[in-house]
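Read off the chains here:
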Protein chains: 2
Amino acid sequence: MVTKLPLDVAAAGEACCAPLVTETITAEQAEVLAARIKALADPARLRLVSLLAASPGGEACQCDLTEPLGLSQPTVSHHLKVLYQAGLVAKEKRSTWVYYSVVPEALATIADVLTPGR
Amino acid sequence: MVTKLPLDVAAAGEACCAPLVTETITAEQAEVLAARIKALADPARLRLVSLLAASPGGEACQCDLTEPLGLSQPTVSHHLKVLYQAGLVAKEKRSTWVYYSVVPEALATIADVLTPGR
DNA sequence: TGTCAATATGGACATAGATCGATATATGCT
DNA sequence: AGCATATATCGATCTATGTCCATATTGACA
């Protein structure tokens, strides 16, 4: 079964390529883009992304993230879900553990919108 | 009189250069960085940035932004204030009008955090 | 099968934030 | 001075969200 992603990743891609700073974006594009950026605009989630990227192999299971974050397990689970649904992190279940990893392209997509011609 | 900026721009700069994806950021860095990204993570504010950047001369007064946004004047004023306090836009008062313009470096700062080595 | 560990979900709560109408402030013009 | 326009602020309201505890679910293993 494929987990449904409430945030349309393809649409986000389009919003990406409609350059924010060279021509006016539509209300719909702004909506999609804001949703993706909003997923990143939280201290806990930024730290999660940072922790994941700095982890050996670029991945970590949730159990390794809870303690360094200083948040409860349900809260960490919630934040990872937000990141996942925004397409910013990937997850892979191996037996009992779920390994999360960042999706660099997703971060680059956001970066590209902000920096025209780079 | 100098308007106070609740968001420490210098600190945001530091948070910038602490590469998000190559080493772990601190809780404080995450806090500052999230505040800046959060200022951008809103459909209305993304459209404002887009409208400003696409305006002739790269600037526009609030009166020209209210109508295309479809929001009330106080709401637009609020969003511009958020963007200004985050350092994402600059403002300059000329007689009755206040002209706003994007600060490309501020956008680039966010982009740089997301894309290591580019 | 029963237990334990990892993760997810549901419900509750508190705070933050987006929005508006009404009003205040500031500036130019007659 | 008085009025009109542009912008800012205030107060209220409704919604979104971050957080936790309690509990459900899943998979490994004795």
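Everything here concerns the structure above.
Let me sum up the structure you'll find in this document. The structure presented is a predicted model; accordingly, all values stated were derived computationally and were not measured.

1. Section: the sheet that holds strand β1 (residues 59–61) of chain A
Paired through backbone hydrogen bonds, the strands of a sheet run either parallel or antiparallel to each other.
Residue and element names in this part refer to chain A.
Argument step 1. Strand order across the open sheet formed by three strands is β1-β3-β2, with antiparallel pairing between neighbours. Each edge of the sheet is formed by a strand with only one pairing partner; in this case those strands are β1 and β2 (89–94). Sheet twist, expressed as the average angle between the axes of neighbouring strands with direction ignored, equals 25 degrees.
Argument step 2. Bridging between β2 and strand β3 (residues 97–102) involves six bridges; their strand directions are antiparallel. Note on β3: the bridge partner recorded for V89 is V102.
Argument step 3. Sitting on the sheet, helix α4 (residues 62–69) touches β1 and β3, and the angle it makes with β1 is about 85 degrees.

2. Re the pairing of β3(A)
Residue and element names in this part refer to chain A.
Argument step 1. Pairing analysis gives three bridges linking β1 to β3, with the strands arranged antiparallel. Bridged to E59 within β3 is S101.
Argument step 2. Linkage of β2 to β3, two consecutive antiparallel strands, is achieved through a turn of two residues, within which S95 is found at a positive phi near 55 degrees.

3. Brief notes about the state of the cysteines
Residues and elements named next belong to chain A.
Argument step 1. In the structure shown here, the tally under the stated rule is two disulfides over all chains.
Argument step 2. Each disulfide pairs two cysteine sulfurs, and for C61 the partner residue is C63, the sulfurs being separated by 2.4 Å. Disulfide C61 to C63: torsion about the S-S bond roughly -55 degrees, handedness left-handed.

4. So, the relation of the copies chain A and chain B
Argument step 1. Its rotation angle being 180 degrees, the transformation that places chain A on chain B also includes 0.0 Å of axial translation and leaves an RMSD of 0.0 Å. Both copies are brought into coincidence by an operation consistent with a two-fold rotation axis. Relative to the rotation axis, the closest C-alpha in chain A is found at A111(A), a distance of 2.1 Å.
Argument step 2. Interface overlap between copies is the fraction of interface residues in one copy that are interface residues in the other; for chain A against chain B it reaches 100%, indicating a shared surface.

5. Some words on helix α3 (residues 43–54) of chain B
Residues and elements named next belong to chain B.
Argument step 1. Over its 12 residues, α3 extends 16 Å from the first C-alpha to the last, a length consistent with the 16 Å expected when each residue adds 1.5 Å.
Argument step 2. The buried fraction of α3 amounts to 11 of the 12 residues, a majority that puts the element mostly inside the structure.
Argument step 3. Those residues of α3 not exposed but buried are P43, A44, R45, L46, R47, L48, V49, S50, L51, L52 and A53.
Argument step 4. Structurally, the start of α3 carries an N-cap: the backbone nitrogen of A44 is 2.9 Å from a side-chain oxygen of D42.

6. Quick word on the protein's contact with DNA strand D
Argument step 1. In the region of DNA strand D, 24 residues are neighbours, and T75(A), H79(A), Q62(B), C63(B) and Q73(B) sit closest.
Argument step 2. Near-protein atoms of DNA strand D (within 4 Å) split between backbone and bases, with sugar and phosphate holding 71%.
Argument step 3. Contacts to DNA strand D include D42(A), whose side-chain N or O atom sits 3.5 Å from a sugar or linking oxygen.
Argument step 4. At a separation of 3.5 Å, a phosphate oxygen of DNA strand D approaches a polar side-chain atom of H78(A).
Argument step 5. Of all elements in the fold, only α5 (73–85) of chain A together with α4 (62–69), α5 (73–85) and β3 (97–102) of chain B reach the threshold of two or more residues within the surface near DNA strand D.
Argument step 6. Tallied by class, residues from the surface near DNA strand D come to eight nonpolar, 10 polar and six charged.

The rules behind the values
Residues numbered from 1 in each chain as written. Chains lettered and ligands numbered in written order. Predicted model: local features only at pLDDT ≥ 70, side-chain atom pairs only at ≥ 80, totals over all residues. Heavy atoms only, no water. Pairing = 2+ DSSP bridges. Helix = DSSP H or I, 4+ residues; strand = E, 2+ residues; numbered from the N terminus. Axes fitted to C-alpha atoms, helices over the stretch in contact; angles between N-to-C directions. Contact = heavy atoms within 4.5 Å. Disulfide = S-S within 2.5 Å. Least-squares fit on C-alpha atoms with pLDDT ≥ 70 in both. Expected span 1.5 Å × (residues − 1). Buried < 20%, exposed > 50% of the residue type's maximum accessible area, 1.4 Å probe, protein only. Polar contact = N/O pair within 3.5 Å; in protein donor to acceptor, adjacent residues only side chain to side chain. Near = heavy atom within 4 Å. Nonpolar A, V, L, I, M, F, W, Y, C, P; charged D, E, K, R; others polar.

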